Amino acid sequence: MNNEQRLFPERVRATCCGLRCATECWVDPAALDSFLASLPVDEVLSFGSTLSSGSCHFDVRFGSAAEEAGFIALAHALDFGSGFRKELHEHCNGLGAWLTMKAGLERMHAASGGACTGAEWLAALDAPAVSRLFTLPSPALDPLTVLILRVAHELARGLRAAGIASMTDFVRGVLARGSDTPACDLVRALVETFPLAFNDVHEYEGQRVCFYKKAQLVVGELYYRFRKEDHRFDFPDAHRLTAFVDNVIVATLRKAGVVSCTEALSQRISRCEPLPSGSRDEVALRAAALAAVERVCTALASRDPRAPPPLLPMQLGNWLWGCLGKTPEYRKYERHHTKDTVFY
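> I tried to follow the environment of arginine 6 on my own but got confused; where do I start?
Examined against the element boundaries, arginine 6 turns out to sit in the segment before helix H1 (8-17). Looking at arginine 6, the relative accessible area reads 26%, which means it is partly exposed. A sequence separation of 216 residues divides arginine 6 from leucine 222, and the C-alpha atoms of the two residues are 22 Å apart.

Printed below as a string of structure tokens:
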């Protein structure tokens with residue numbers, strides 16, 4: 001099947017697992033087997049099905065599931081800044097990227113009276129407002145302010161071009177289509193309507209490599225948040241989603257030895273040298289991590305081909321990000337820094 005014809009999550013799976021000639025990093029088969037043998041599958045299933053820890057729950061009162069769904073879409077459009085981790089720790093009371101963004105989003109909701117998912121409110125944002133809402137006091141964080149503003153304005157443009165008032169109405173409209181693949185359709189709609197925020201696609205030696213990290217994260221969170229209380233979000237194709245690979249998952253798998261890379265690349269990461277978005281090193285790292293997650297899940301499923309898949313890639317990814325990756329030993333392991341990305 002031509003890659004353009006694949007459902008969007010399947011594009012991710014095919015291009016990352018099929019990446020050829022990635023000499024910068026790779027999946028270590030022996031380390032993967034060892035990781036698999038010690039994997040606490042029941043724990044991973046339990047944690048992974050919550051999407052993540054309580055740190056992702058918003059201190060916001062929503063009027064409906066649809067309103068909250070729109071806010072979740074906005075939140076993950078703005079879910080980036082990991083490359084500014086050290087600057088954020090220094091200037092924002094020790095908070096990392098996600099907690100900084102989460103607090104800013106909650107202030108946006110309060111300041112707008114709940115209208116922050118709307119095109120008009122997003123279009124009116126300016127740099128001083130972003131700096132104030134997200135508490136970005138240092139000039140060292142000005143580039144992050146610019147990126148936040150660019151994404152907010154793109155959301156506004158995309159909504160206006162589609163004749164849609166808000167992210168809430170956007171999500172509601174996609175799900176109202178009645179498709180057999182609503183999860184994949186929502187990933188595609190986010191990517192195509194808001195490409196700056198969600199079109200997480202790069203080139204590696206002429207090969208197109210797809211991740212769609214944030215678009216899949218929106219859909220995965222909606223699924224786990226609402227599937228038991230609102231049938232619109234009980235996506236029959238949710239199992240197709242891949243892991244939502246960022247630098248935390250990469251670092252966690254590198255620390256576990258499952259993903260290996262050249263000594264030169266390891267030294268660059270240890271020295272906190274920026275890896276530009278879309279560079280060979282950055283693409284190869286993320287693709288290897290995604291392929292490793294897929295291989296773990298495939299190996300588990302092969303133990304009994306007649307049984308349902310015991311573990312979904314997004315569940316394993318959630319556990320790597322929010323559980324194993326948050327333990328002290330793994331948390332202090334150096335992550336790669338990519339400041340010029342809005343994808344993580």
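> What exactly am I supposed to notice about the environment of lysine 86 here?
Structurally, lysine 86 is set in helix H5 (residues 85-91). The residues touching lysine 86, leaving out its near neighbours within four places in the chain, are Cys272, Glu334 and His337.

> What is the right way to look at unusual backbone geometry in this model?
One can expect most non-glycine residues to show negative phi and most peptide bonds to be in trans. The phi dihedral of tyrosine 212 falls on the positive side, at around 45°, and the residue is not glycine. In this structure tyrosine 212 comes out as buried when scored by relative accessible area, which is 0%. Positioned with a positive phi, cysteine 272 is a non-glycine residue whose angle comes to about 60°. Inspection of the secondary structure assignment puts cysteine 272 in the loop between helix H15 (263-270) and helix H16 (280-302).

> What is the right way to look at the layout of surface pockets in this model?
Where empty space is left becomes clear once a probe the size of a water molecule has been rolled over the atoms. Of the voids in this model, the second largest pocket is the one considered here, and its volume is about 160 Å³. Contributing to the lining of the second largest pocket are Arg13, His239, Glu294, Cys297, Thr298, Ala301, Pro309, Leu311, Leu312 and Pro313. Ranked by the residues each element gives to the lining of the second largest pocket, the list is headed by H16, at 4 residues. Tallied by class, residues from the lining of the second largest pocket come to 6 nonpolar, 2 polar and 2 charged.

Rules of the game
- Starting afresh in each chain, residues are numbered from 1 along the sequence in its written order.
- Local features in this predicted model are restricted to residues whose pLDDT is 70 or higher, and side-chain atom pairs enter the listing and the counts only when it is 80 or higher, whereas totals over whole chains, interfaces and linings include all residues.
- The side-chain numbers reported here are obtained from all heavy atoms of the structure, hydrogens and water having been left aside.
- Strands are runs of DSSP state E lasting at least 2 residues, helices are runs of H or I lasting at least 4, and numbering of each runs from the N terminus.
- Only protein chains enter the accessibility calculation, which uses a 1.4 Å probe; a residue is then buried when its area is under 20% of its type maximum, exposed when over 50%, and partly exposed in between.
- Throughout, a residue-residue contact means that at least one pair of heavy atoms, one from each residue, lies within 4.5 Å.
- With a 1 Å grid spanning the protein atoms alone, the term cavity applies to any set of points in which a 1.4 Å probe fits but cannot get out, the term pocket to an open set with protein on both sides within 12 Å along at least five of seven lines, and the term lining residue to any residue with an atom within 4 Å of a point.
- Grid points are joined across faces, edges and corners, and a volume is the space filled by probe spheres set on the points.
- When residues are sorted by character, Ala, Val, Leu, Ile, Met, Phe, Trp, Tyr, Cys and Pro go into the nonpolar class, Asp, Glu, Lys and Arg into the charged class, and all the rest, Gly among them, into the polar class.

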